[in-house]
Number of protein chains: 4
Amino acid sequence: MTVRFAILGAGRIGQVHARAVASTEGASLVAIADPMAAAAQKVADNYGCDIRSIDAIAASDDVDAVAICTPTDTHADLIEQFARAGKAVFCEKPIDLDLERVKECLKTVSEENATLMVGFNRRFDPDFMALRKAVDDGKIGDVEMVTISSRDPGAPPAEYIKVSGGIFRDMTIHDFDVARWLLGEEIATVQAAASVLTDPEIGKLGDYDSVNVILTTESGKQCTITNSRRATYGYDQRIEVLGSKGSVAAENMRGTNIVLADESGFHQPPLLDFFMTRYIAAYANEIAGFVAAVSGKTATPTTGHDGMVALALADAALLSVAEQRVVKLSELKVST
Amino acid sequence: MTVRFAILGAGRIGQVHARAVASTEGASLVAIADPMAAAAQKVADNYGCDIRSIDAIAASDDVDAVAICTPTDTHADLIEQFARAGKAVFCEKPIDLDLERVKECLKTVSEENATLMVGFNRRFDPDFMALRKAVDDGKIGDVEMVTISSRDPGAPPAEYIKVSGGIFRDMTIHDFDVARWLLGEEIATVQAAASVLTDPEIGKLGDYDSVNVILTTESGKQCTITNSRRATYGYDQRIEVLGSKGSVAAENMRGTNIVLADESGFHQPPLLDFFMTRYIAAYANEIAGFVAAVSGKTATPTTGHDGMVALALADAALLSVAEQRVVKLSELKVST
Amino acid sequence: MTVRFAILGAGRIGQVHARAVASTEGASLVAIADPMAAAAQKVADNYGCDIRSIDAIAASDDVDAVAICTPTDTHADLIEQFARAGKAVFCEKPIDLDLERVKECLKTVSEENATLMVGFNRRFDPDFMALRKAVDDGKIGDVEMVTISSRDPGAPPAEYIKVSGGIFRDMTIHDFDVARWLLGEEIATVQAAASVLTDPEIGKLGDYDSVNVILTTESGKQCTITNSRRATYGYDQRIEVLGSKGSVAAENMRGTNIVLADESGFHQPPLLDFFMTRYIAAYANEIAGFVAAVSGKTATPTTGHDGMVALALADAALLSVAEQRVVKLSELKVST
Amino acid sequence: MTVRFAILGAGRIGQVHARAVASTEGASLVAIADPMAAAAQKVADNYGCDIRSIDAIAASDDVDAVAICTPTDTHADLIEQFARAGKAVFCEKPIDLDLERVKECLKTVSEENATLMVGFNRRFDPDFMALRKAVDDGKIGDVEMVTISSRDPGAPPAEYIKVSGGIFRDMTIHDFDVARWLLGEEIATVQAAASVLTDPEIGKLGDYDSVNVILTTESGKQCTITNSRRATYGYDQRIEVLGSKGSVAAENMRGTNIVLADESGFHQPPLLDFFMTRYIAAYANEIAGFVAAVSGKTATPTTGHDGMVALALADAALLSVAEQRVVKLSELKVST
């Protein structure tokens, strides 16, 4: 069986998924939709697919699945539309910035018995998968603490920040999902600190650029997340898990692995500085995972529920900063 | 000028300082005191010094300085006795487990105009000194975030834990001091999570073995501290500082630096697994720093005030865990 | 302009180049030739190209270039046939195992004024390219010494060894080319040691499995090459260049970059263990380099002359082992 | 039993050994001899030992052992004098620059049944000892190839080079000894290349500054040694051993282990740049090994015979360069 895809949105991330679909065995790209004709045309030219409207795609008999790569504020509506149209849905995170809207949307997905996968790309990174496998294989015994360092090379433009939902919902949300994936136990409490240190403009927009979070589970496992919008040395993406028998850590990635030695010391190049190069393999694995799920071979790897809980954790972190206290996830009234 | 030392306490750490004094230029070891005759004799034999009682040392004309290496509950009394006796005092951390007693003790020190240095050995570790120098030299721009990973190879015996004041006052206190040393700005708030994950016996003693802490300063700089009483792979002591222009990190230390490669991969030995081997150079530098201060060449590198603030941060962390909220250091009523 | 390709040979390396051609901008795959119908069909199916005979390809108007991926003993004949047919020729190393035959073949290429590129993939590896760029940029000053460590995960089957021309012509030949590429000066002398240490069967075939070579240039620059047919920890491919101002080194590559720490130490996975995974990016760059040359944008990056000199160095190494002396490249009568 | 030492020569290396003796359990420093009164006085002051003439030391009843740290051209005479005087002798390498003189000297040592240890410090480096232990423990199976990289931070002064015997006898000699120590089989052949690349003055003195050597054993094990008198990034001292089951490598040492990351990449400090800091632990272990041998606890770890063979290998390397051929060690007529 081949899963026939349409991509909604021909922007940067839409192009990533178009390439991933085109190069995944068992998947084919049928159509692209984008209000910007030139963007759609470029994808159509590159991969030999049709250009169609979103509604036409929803009505297409030759489309089994869609990848939603449109702006965040359209996600929930499109998920509902395509769930109702009987298509399998892959949607970039987040489902919506409003937790209540997410709950409503997931209700529809559930009623339609639709397949929904939310794009948490990091779970599909080969290094992080190897790290998780070491944990699953019992190499470090029982998981006790997870440490996630996640720093962007630089802040996104103000226009993006305005509609991003803020650092916790936009950036930390990935780490919240990784934390749940690695702790192996649902998160019970959230506490956070947040500051504006890299650019006062970010503060003027009501957002933060530097945050630290501590998560705990019911049994006392802990996770710390450290985020900054600025790391001059590249895209800093590290995970370390401490267990009863040892620890396992994933190291950062560089474009080239050379070492220059001179009078001043030993020098290595900066890290890869962009999520599209850093996670190039992850995006391919992610679509392959979705295709396997749509083909009925595996369960959906990252569900709508995962998307909802990660957003709830972001909301809890915001509440923790506002009220300067530890917030219980149960206060957010998400089933876990 | 030679600073003539007496060591109070001939236990493990007393021996470390005896060796440091004996091998420091400008210092000489005059006397050792210990209620255990054999322990005192061993130090006397090794370094050719006298055995005297504590009171005799306080009255000795040929002693300029003492290093207090006795049990914690004697520290404050001894500091006061020797401050009054006109001796310069080096005291192992903590001054006392009770913050009010510490304040009282420091008042006496101040009235006597005495020199008091508290033994925060990490500030004297060559790698951490090089890291701090990189910060001072502006290599990473303005400090934004400090990340401290500090894990013991294994928990101390129950007897020790009972009198230790708990993990925050016994273990994290070092990291609190390092945080202050690197943030370059006084700490304003403390929040913490604490669990018992490595050994239920520790929980029965009312203590924790796994903690994470977030500190913030007035201007929003942040520091995270992660502690565990168990790291199977050795004594894990890492610091990373993120700044506006980059980051600087100190790596862990091994006894030997070989790499074995075989079918199963590449293997390096575990870390040094004991503070006395890991910080051997730090202990020597620490005494040298004290000698320089006593000789009037430099200011006292780690003062009684440093000891007090670190203890207050530990108390704040405990309060944060108890009340599940962010605690302001000002609540502890320590002048900073 | 699009360079229209035919691939001669649908074996392992033919498939690598088919994929490289298919994914290179400015290149298209028109035809595949292979006496094994199934192998040819597989490539035709994967990339939507024709199946044709070698002679038909030589006569095809819609083919601009061929990639020769057939057994070594056919290379020289095919190069001549396609040079005469007016096609640009990419040929896997070596041109031939006999130096005189190579000279003859290159004469034909020259007379036909044909484009011939020999496949020395390592020059196109991103890490080695970055290393070379550091040298070209003057980062290490004048090159003095090159150190090449090249070890296979395991020996090829006896059938392969029999027709390989021996380790110097089959394996070290890559390192000879890298040495020339990095020394920046033609090689003047060769001395070598060769043993059978990994498998006596290799010795029975008249070959070696463990060799070390020292090369010198006229001005005294030196290069050492160390080769083994067995490295249990993976495909070991390292280069280090020492210059007057410093050194630059390319490190080995792993499939995943995680570090597991436990009681026994710190562990990383073995290296990538196959040239097709280790040099996946190099193969793509190599074809892109050939396409650029055929399109007239650049000079041919690795020429027939490069192939001839590398083979002459292999012959010189064999002579050095046989006669236990330093051999001058000039004895081989290759113009350099 | 305490081994009572006299040190002959109060120069740089004499001071190293004086400190090592003073801090070694079971050893005491009784006397120092040096024609330069000030140098002798400094050692006497530092360690509280007598100043005596060499002849007085030879006649002293309270001296069990001497460490010869005088200029090379006095070594053989002093070894003979003290062997005859019934003292255990530790001598810095080389015994003499003339192989025949060495043979003669060893004959005397043998006739006197004296203890003679030659100072090949590298065998006592903790990392190299751990590497050797991994080999002995069978971690890498049978040894096949040894790779030694040994580069000095900078050339010694011309005055030193003139009396050094040349790079093979002065610098490579250490690596020859390490090769024998690790190959586990006597060396059969030597071939070498030698150039002047770092400083033409060295060439004018008839010496080389850049050499590569290949050694083989009877059974075909191989060792390469690469030497340069200049490595701008510090004192480069690496060893790698390849065996049938894997490899083991010793990494370089830095003074501090911090990593600075900024826009231009990741930076570590240069290597330790001096043999006295790099091998500080080795020197202590070396004297401890001598003391153990003199005390009858162990065999002499590095014998006069080791010193002779290493010198013969240096002579063979010179011959190889001169005659451009592989030289058999048997040509040098040293019993092995």
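In this text the structure is predicted, and so the values were computed from the model without any measurement.

Draft legend 1. A look at the packing of helix α8 (residues 167–183) of chain B against helix α12 (residues 304–323) of chain B. All names here are of chain B. Following both chains from N to C, one finds α8 and α12 inclined at 120°, their axes separated by 8 Å at the closest point. Of the two possible hands of crossing, α8 and α12 adopt the one that is right-handed. Here Phe-168, Arg-169, Ile-173, Phe-176, Asp-177 and Arg-180 of α8 lie close against α12, whose contacting residues are His-305, Asp-306, Val-309, Ala-310, Leu-311, Leu-313, Ala-314, Asp-315, Ala-317, Leu-318 and Val-321. Looking at side-chain class alone, the contact of α8 with α12 contains eleven nonpolar, one polar and five charged residues.

Draft legend 2. Representation of the relation of the copies chain C and chain D. Rotating chain C by 180° and moving it 0.0 Å along the rotation axis overlays it on chain D with an RMSD of 0.0 Å. In the structure described here, the two chain copies are related by an operation that fits a two-fold rotation axis. Nearest to the rotation axis, the C-alpha of Arg325(C) is located 1.9 Å from it, this being the minimum over chain C. Of all interface residues in chain C, 100% are interface residues in chain D too; the two copies therefore contact each other through one and the same surface.

Draft legend 3. Molecular detail of the side chain of Arg151(C). All names here are of chain C. By the element assignment, Arg-151 lies in strand β7 (residues 143–151). Judged by relative accessible area, Arg-151 falls into the buried class, the value being 0%. Side-chain polar atoms of Arg-151 contact the side chain of Tyr-233, separated by 2.9 Å.

Draft legend 4. Quick look at the relation of the copies chain B and chain A. Once chain B is rotated about the relating axis by 180° and shifted along it by 0.0 Å, it coincides with chain A to within an RMSD of 0.0 Å. A share of 100% of interface residues in chain B that are also interface residues in chain A marks the association as one of identical surfaces.

Draft legend 5. Structural view of the interface of chain B and chain A. With 38 residues of chain B in contact, the opposing surface of chain A contributes 38 residues. When the buried surface of chain B facing chain A is broken down by residue, Met145(B), Leu197(B) and Asn212(B) rank first, second and third, together holding 17% of it. Seen at the junction of chain B and chain A, the total is six salt bridges. The tally of links from chain B across to chain A stands at 21 residue pairs in polar contact (both at pLDDT 80 or more). Among the secondary structure elements, those contributing two or more residues to the side of chain B that touches chain A are β7 (143–151), β8 (187–195), β9 (210–217), β10 (222–228), β11 (236–243) and β12 (246–250) of chain B. At six residues, the largest contribution of residues to the side of chain B that touches chain A is made by β9(B). Residue composition of the side of chain B that touches chain A, grouped by class: eleven nonpolar, 19 polar and eight charged.

Draft legend 6. Summary view of the pairing of strand β4 (residues 65–68) of chain C. All names here are of chain C. The alternating pattern of β4 places Ala-65 and Ala-67 on one face and Val-66 and Ile-68 on the opposite face, and all of these are buried. The sheet contact formed by strand β1 (residues 3–8) and β4 spans four bridges and is parallel. Across the sheet, residue Leu-8 finds its bridge partner in β4, namely Ile-68. Relative to strand β5 (residues 88–92), β4 runs parallel, the two being bridged by four bridges. When the sheet's bridge partners are listed, Ala-65 is paired in β5 with Ala-88. Chirality of the crossover, the property in question, places the unit of β4, helix α4 (residues 75–84) and β5 among those that are right-handed.

Draft legend 7. Focus on the UniProt feature "domain: Gfo/Idh/MocA-like oxidoreductase N-terminal" (unreviewed entry) in chain A. The UniProt feature table records "domain: Gfo/Idh/MocA-like oxidoreductase N-terminal" (unreviewed entry) at residues 3–120 of chain A. Annotation note: span residues 3–120 of chain A, helix share 43%, strand share 24%, distance between end C-alpha atoms 20 Å.

Draft legend 8. Local environment of the UniProt feature "domain: GFO/IDH/MocA-like oxidoreductase" (unreviewed entry) in chain A. As annotated in UniProt, the feature "domain: GFO/IDH/MocA-like oxidoreductase" (unreviewed entry) corresponds to residues 128–248 of chain A in the numbering used here. Annotation note: span residues 128–248 of chain A, helix share 31%, strand share 36%, distance between end C-alpha atoms 10 Å.

Draft legend 9. Representation of the interface of chain C and chain D in the model. Across the boundary between the two partners, chain C contributes 38 residues, which contact 38 residues of chain D. With both sides pooled, the region where chain C packs onto chain D buries about 3000 Å², and carbon together with sulfur makes up 50% of that total. For the chain C face of the interface with chain D, the top three residues by lost area are Met145(C), Leu197(C) and Asn212(C), together amounting to 17%. The tally of links between chain C and chain D comes to six salt bridges. Notably, a salt bridge pairs Glu240(D) with Arg151(C), separated by 2.7 Å at the nearest N-O pair. Taken together, chain C and chain D are joined by 22 residue pairs in polar contact (both at pLDDT 80 or more). When contributions to the side of chain C that touches chain D are tallied by element, the ones reaching two or more residues are β7, β8 (187–195), β9 (210–217), β10 (222–228), β11 (236–243) and β12 (246–250) of chain C. Per-element accounting of the side of chain C that touches chain D gives the leading share, six residues, to β9(C).

Rules used throughout
Residues numbered from 1 in each chain as written. Chains lettered and ligands numbered in written order. Predicted model: local features only at pLDDT ≥ 70, side-chain atom pairs only at ≥ 80, totals over all residues. Heavy atoms only, no water. Axes fitted to C-alpha atoms, helices over the stretch in contact; angles between N-to-C directions. Helix = DSSP H or I, 4+ residues; strand = E, 2+ residues; numbered from the N terminus. Left-handed = near helix turned anticlockwise from the far one by under 90°. Contact = heavy atoms within 4.5 Å. Nonpolar A, V, L, I, M, F, W, Y, C, P; charged D, E, K, R; others polar. Least-squares fit on C-alpha atoms with pLDDT ≥ 70 in both. Buried < 20%, exposed > 50% of the residue type's maximum accessible area, 1.4 Å probe, protein only. Polar contact = N/O pair within 3.5 Å; in protein donor to acceptor, adjacent residues only side chain to side chain. Buried area = accessible area lost by both parts, 1.4 Å probe. Salt bridge = Lys/Arg side-chain N within 4 Å of Asp/Glu carboxyl O. Pairing = 2+ DSSP bridges. Right-handed = clockwise from strand over helix to strand, strands pointing away. UniProt positions renumbered as here; feature names shortened; annotations may be inferred.

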